[in-house]
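What follows is each chain in one-letter form.
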Amino acid sequence: MLISSLYVSSYLAFRAVFLLNSAFPVKSRVVKLFRDVALFVVVALAYKISSAALLNLSDDAHIFNILKSKFTDFRDFHTLLYICGRAFDFIKIETFYKFILTLLLPTTAAVVLRITYIFGRSAVDT
């Protein structure tokens, strides 16, 4: 849902940082940067976690799982898909040779061509 999205939580966190900067100005750039980043992260995560818990949503769970897989050994379907796991690599050329030798690829091609011809012929006739 849009209410619990990372976009909305980031927007609210940005507004909180903006309001804090206008209410409590700081002269040191390093302190201001540290304060702004810390406030942004805390507000964004707090809103995201609380809105998801309140509404019982897990729409962005796969995003957090991908982040978790980058730093730990966690793996599931989405993480393997997004990080290009071995199961999702390109098909090797040997696989196509096996499909041709077992007549799977030529038969499929013949059936697709025949169906295309039949539908194309009926479309021209009408």
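Residues take numbers from 1 onward in each chain, read along the sequence in its written order. Owing to the predicted nature of the model, reporting of local features is limited to residues with pLDDT of at least 70; listing and counting of side-chain atom pairs is limited to 80 or more, with chain, interface and lining totals taken over all residues. Side-chain descriptors were evaluated using all non-hydrogen atoms of the structure, hydrogens and water having been removed beforehand.

Turning next to the packing of helix α1 (residues 6-23) against helix α2 (residues 29-55). To obtain an axis, a line is fitted to C-alpha atoms, over the contacting stretch when the element is a helix, and the angle between two such axes runs from 0 to 180 degrees between their N-to-C directions. We count a stretch as a helix when DSSP gives it H or I for four or more residues in a row; a strand needs E for two or more, and each element gets its number in order from the N terminus. Two elements in contact, α1 and α2, have axes whose closest approach is 8 Å; the angle formed by their N-to-C orientations is 140°. Regarding the angle of α1 to α2, the classification is oblique. The handedness of the crossing between α1 and α2 is right-handed. For the pair α1 and α2, contact is made by Leu6, Val8, Ser9, Ser10, Leu12, Ala13, Phe14, Ala16, Val17, Leu20 and Asn21 and by Lys32, Arg35, Asp36, Leu39, Phe40, Val43, Ala44, Tyr47 and Lys48, respectively. Following the grouping adopted for this structure description, the nonpolar residues are Ala, Val, Leu, Ile, Met, Phe, Trp, Tyr, Cys and Pro, the charged ones are Asp, Glu, Lys and Arg, and the polar ones are all others, Gly among them. When its residues are assigned to classes, the contact of α1 with α2 shows 13 nonpolar, three polar and four charged. Angles are sorted into four bins: roughly parallel if under 35 degrees, roughly antiparallel if over 145, roughly perpendicular if 65 to 115, and oblique for all others. The crossing is said to be left-handed when, going from far helix to near helix, the turn is anticlockwise and less than a right angle, and right-handed when the turn is clockwise. Two residues qualify as a contact provided that any one of their heavy atoms is within 4.5 Å of a heavy atom in the partner residue.

With that settled, the discussion passes to the packing of helix α5 (residues 93-101) against helix α6 (residues 104-125). Contact pair α5 / α6: the axes reach a minimum separation of 4 Å and the direction vectors enclose 70°. Taken together, the axis directions place α5 and α6 in an arrangement best described as roughly perpendicular. On the side of α5, the interface is formed by Phe96, Phe99 and Ile100, while α6 contributes Leu104, Leu105 and Pro106. Residue classes in the contact of α5 with α6 are distributed as six nonpolar, no polar and no charged.

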